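# Fold and contact review
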Number of protein chains: 2
Amino acid sequence: MRHVISVLVDNVPGVVSRISGLFSGRGFNIESFVGAPSLDPNFSRIIIVTEGNDQIIEQIIKQLNKLIDVIKVTDLTGSQFVDREMILIRVKAEESNRAEVLRIVDIFRGKIVDVSPNFYTIEITGDQGKLEAILDLLKPLGIQEIVRSGCIALPRAKKK
Amino acid sequence: MRHVISVLVDNVPGVVSRISGLFSGRGFNIESFVGAPSLDPNFSRIIIVTEGNDQIIEQIIKQLNKLIDVIKVTDLTGSQFVDREMILIRVKAEESNRAEVLRIVDIFRGKIVDVSPNFYTIEITGDQGKLEAILDLLKPLGIQEIVRSGCIALPRAKKK
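Remember, it's a predicted structure, so these values are computed and weren't measured experimentally.

This part is about the interface of chain B and chain A. The partner chain A presents 57 residues to the 57 residues of chain B that form the contact. Both sides of the chain B and chain A interface together cover about 5,000 Å² of buried area, and 63% of this is carbon and sulfur. Broken down residue by residue, the surface that chain B buries against chain A is led by Leu39(B), Ile152(B) and Leu154(B), which jointly contribute 13%. Our count for the chain B to chain A interface comes out at 6 salt bridges.

As structure tokens, this is what we get:
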């Protein structure tokens, strides 16, 4: 099962390595790993997406909780959360296919963030399904390079 | 100096931990760390933002190049690149301040991705300066939680 795990940590050297090490120590592959400052610059928020056996994930979460740099661990799986990913795509945009690229960008509400004589760089945000869909559409037109942000997620606000 | 380092790696367990370990081994703090699949699912793209002495960064890059899982290391610093970050912000949206929140979201071309009776969750993309600016504007209105994607970057297409 796919797990989205959110970890609030002290912003100290080595914390990324200690946390990712817990996963690799058990042979778990990480689908995406994002670590960035939280609202308070003393803390960072790490979001890990991984696929694996629920029991082993539970053990990893217990071990995460034991690390002194870890303040809070939340397994978002099974609860309601908003998840988004961003992707930058550099796609061929020659005279023959520019109009088609622009149509696709428009449908997916993307933005063109860089233009050169033969390429457009496109920014798209959305869930995994949306990003896979636009990649499938643009591939035949000639994708030169992509970079993905990995998944970030916030639990939905609780109803009062 | 701020460095943005892009690393293409084999998508194998432990690669995140080995790469981040090279930085922490030298006491370097990582500002943001993003690892996600590349266009070919056998490879992942890791983007690391760090601040530090140029000579030590150069040594780390040499060591990165020696890791067998590492296919290519590029220090984007000093070259032309497109960098973007995404942020999800959950902000208080009560009757008194909803209009103001919406105005700010509109000016920054953000999207409201979740609504509950008292909160909006906003998605914004841009460079670091833009994200800091919207956080400064929303803070007095009551930010409950944020999650940032960290910086992702693509070199600009070369002119022919």
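Turning our eyes to something else, we now look at the sheet that holds strand S3 (residues 43–51) of chain A. Strand pairing within a sheet occurs via backbone hydrogen bonds; the two strands may be parallel or antiparallel. Spatially, the 8 strands line up as an open sheet ordered S4(A)-S1(A)-S3(A)-S2(A)-S2(B)-S3(B)-S1(B)-S4(B), and their pairing is antiparallel. Pairing within the sheet leaves two strands with one partner each, and these edge strands are strand S4 (70–75) of chain A together with strand S4 (70–75) of chain B. If you compare each strand with its neighbour and ignore which way they point, the axes differ by 15° on average. The pairing of strand S1 (residues 2–10) of chain B with strand S3 (residues 43–51) of chain B spans 9 bridges and is classified as antiparallel. Paired with His3(B) across the two strands is Thr50(B), which belongs to S3(B). Packed onto the sheet, helix H2 (residues 54–66) of chain A meets strand S1 (2–10), S3 and S4 of chain A and runs at close to 160° relative to S4(A).

All right, on to the relation of the copies chain B and chain A then. Each copy of the sequence occupies a distinct position, and chain B is placed on chain A by a rotation of 180° and an axial shift of 0.0 Å, giving an RMSD of 0.0 Å. Taken together, the turn and the small shift mark the pair as related by a two-fold rotation axis. A high fraction, 100%, of the interface residues of chain B reappear at the interface in chain A, so the copies pair face to face through one surface.

Another point: the nonpolar core. Counting residues in each nonpolar core, the largest one holds 38 residues, and the members touching the most others are Val7(A), Ile19(A), Val7(B) and Ile19(B). Counting residues in hydrophobic clusters, the runner-up holds 26 residues, among them Val4(A), Val49(B), Met86(B) and Val147(B).

Summed over the entire model, instances satisfying the criterion amount to 1 aromatic pair over all chains. Here the aromatic rings of Phe33(A) and Phe33(B) are separated by 5.6 Å at their centres, their planes lie at 85°, and the arrangement is edge-to-face. Pair noted here: Phe33(A) is in strand S2 (residues 30–37) and Phe33(B) is in strand S2 (residues 30–37), and the two residues belong to different chains.

Bringing the layout of surface pockets into the picture now. When its volume is computed, the largest pocket comes out at roughly 460 Å³. Along the walls of the largest pocket sit 21 residues, with Arg90(A), Glu145(A), Pro155(B), Arg156(B) and Lys158(B) positioned nearest its centre. When residues of the lining of the largest pocket are traced back to their parent elements, those giving at least two are strand S6 (111–116) and strand S8 (143–148) of chain A together with S1 and S4 of chain B. Residue classes in the lining of the largest pocket are distributed as 6 nonpolar, 6 polar and 9 charged. Quantified by volume, the second largest pocket comes out at close to 330 Å³. What lines the second largest pocket is a set of 23 residues, and nearest its centre among them are Glu132(A), Arg148(A), Pro37(B), Ser38(B) and Pro41(B). For the lining of the second largest pocket, the secondary structure elements donating two or more residues are S2, S3, helix H4 (128–142) and S8 of chain A. The element best represented in the lining of the second largest pocket is H4(A), accounting for 5 residues. Its residues placed into classes, the lining of the second largest pocket shows 8 nonpolar, 7 polar and 8 charged.

Definitions and limits used
- Residues numbered from 1 in each chain as written.
- Chains lettered and ligands numbered in written order.
- Predicted model: local features only at pLDDT ≥ 70, side-chain atom pairs only at ≥ 80, totals over all residues.
- Heavy atoms only, no water.
- Contact = heavy atoms within 4.5 Å.
- Buried area = accessible area lost by both parts, 1.4 Å probe.
- Salt bridge = Lys/Arg side-chain N within 4 Å of Asp/Glu carboxyl O.
- Pairing = 2+ DSSP bridges.
- Helix = DSSP H or I, 4+ residues; strand = E, 2+ residues; numbered from the N terminus.
- Axes fitted to C-alpha atoms, helices over the stretch in contact; angles between N-to-C directions.
- Least-squares fit on C-alpha atoms with pLDDT ≥ 70 in both.
- Core = buried A, V, L, I, M, F, W, Y, C linked by side-chain atoms within 4.5 Å.
- Buried < 20%, exposed > 50% of the residue type's maximum accessible area, 1.4 Å probe, protein only.
- Phe/Tyr/Trp six-rings, centres within 6.5 Å; stacked < 30°, edge-to-face > 60°.
- 1 Å grid on protein atoms, 1.4 Å probe; cavity = no way out; pocket = protein on both sides within 12 Å on 5 of 7 lines; lining within 4 Å.
- Points joined across faces, edges and corners; volume = space filled by probe spheres on them.
- Nonpolar A, V, L, I, M, F, W, Y, C, P; charged D, E, K, R; others polar.

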